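So you can see what is in the structure, the chains are spelled out below.
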Amino acid sequence: INVTATAGVDGASTGNAYGMQTDGSHRQGSSTQTTLKGHEINLEASVNGTGEAHAMHAEGPRYSTNTEYVNLIQAGEGKSLVLTLVAKAGAADKAIAMWAENGGAVNRIQGSDLGDQINITGNIYSGKGGKNEIIIGKGSDWVSIDGHISGNNNFIDTGAGDDFIR
């Protein structure tokens, strides 16, 4: 599965690019979930201008609620997950691979028990109750993050096995 979102032309325009988005900032009531399920998944967001690139963008309601707004990337049945998650922008602080803000906003990467490879290029941000989760099962897993991690709701669980985190 290949998903690419691009904004801006020749660096002259502004705009944001979201590869995968769930947004509850102006909603009330029901939860939503956006799902990508497969073996090899490439998800990229890039901005050629001055905007922000979010490969995974989850925004919860700006008021108290019990609902969730979830972006889920999941291994296919009986398959390992090979994920490449990339955010590119003109300014490094605008390239955000996983962005989750406000309560109920969740970006979740759910691997398998078969040895997963997760490669993330871009920053990871959680704020105001938003969550970023990388959960992979037993097996020999590889998680590589090339970017800054900020916020207090970011979680990586590699399960049992010989795992590598960089």
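A. Molecular detail of the sheet that holds strand β1 (residues 2-7). Taken in spatial order, the six strands line up as β1-β4-β7-β10-β13-β16 in an open sheet, and their pairing is parallel. The sheet is open, and its two edges are formed by β1 and β16 (164-165), each paired on a single side.

B. Structural context of the sheet that holds strand β15 (residues 154-157). Taken in spatial order, the five strands line up as β3-β6-β9-β12-β15 in an open sheet, and their pairing is parallel. Of all strands in the sheet, those with a lone pairing partner are β3 (32-38) and β15, marking the two edges. Each strand axis lies, on average, 10 degrees off the axis of its neighbour in the sheet, ignoring direction. Pairing between β3 and strand β6 (residues 69-75): seven bridges, direction parallel. In the sheet register, Lys 37 faces β6, and the bridge partner there is Gln 74.

C. Broad picture of the pairing of strand β12 (residues 131-135). Examined bridge by bridge, strand β9 (residues 105-110) and β12 share five bridges and lie parallel to one another. Bridge pairing in β12 links Gln 110 to Ile 135. With four bridges connecting them, β12 and β15 associate as parallel partners. The residue of β15 that forms the bridge with Asn 132 is Asn 154.

D. Focus on the side chain of Asp 141. Take Asp 141: it is sitting in the loop between β12 and β13 (142-146). Within the buried core, Asp 141 has no salt-bridge partner, and the shortest N-O distance to an opposite charge, that of Lys 138, equals 11 Å. A polar contact is formed between the side chain of Asp 141 and the backbone nitrogen of Asp 116, at a distance of 2.8 Å. The residues touching Asp 141, leaving out its near neighbours within four places in the chain, are Gly 115, Asp 116, Ile 136, Thr 158, Asp 162, Asp 163 and Phe 164.

E. Highlighting the packing of aromatic side chains. Per the stated rule, a full pass over the model turns up two aromatic pairs. Judged by centre distance (6.0 Å) and plane angle (35 degrees), the rings of Trp 99 and Tyr 125 are tilted. Of this pair, Trp 99 sits in strand β8 (residues 95-101) while Tyr 125 sits in strand β11 (residues 123-127); the two residues are 26 residues apart in sequence, bridging distant segments of the chain. Under the relative-accessibility criterion, Trp 99 is labelled buried at 10%. Since its relative accessible area comes to 22%, Tyr 125 is described here as partly exposed.

F. Broad picture of the pattern of salt bridges. As enumerated under the stated definition, the model contains five salt bridges in all. The residue Glu 101 makes a salt bridge to Lys 128 at a minimum N-O spacing of 4.0 Å. Of this pair, Glu 101 sits in strand β8 while Lys 128 is found in the loop between β11 and β12, placing the two residues 27 residues apart along the sequence.

Reading the values: the criteria
Residues numbered from 1 in each chain as written. Predicted model: local features only at pLDDT ≥ 70, side-chain atom pairs only at ≥ 80, totals over all residues. Heavy atoms only, no water. Pairing = 2+ DSSP bridges. Helix = DSSP H or I, 4+ residues; strand = E, 2+ residues; numbered from the N terminus. Axes fitted to C-alpha atoms, helices over the stretch in contact; angles between N-to-C directions. Buried < 20%, exposed > 50% of the residue type's maximum accessible area, 1.4 Å probe, protein only. Lys, Arg positive; Asp, Glu negative; His and termini not counted. Salt bridge = Lys/Arg side-chain N within 4 Å of Asp/Glu carboxyl O. Polar contact = N/O pair within 3.5 Å; in protein donor to acceptor, adjacent residues only side chain to side chain. Contact = heavy atoms within 4.5 Å. Phe/Tyr/Trp six-rings, centres within 6.5 Å; stacked < 30°, edge-to-face > 60°.

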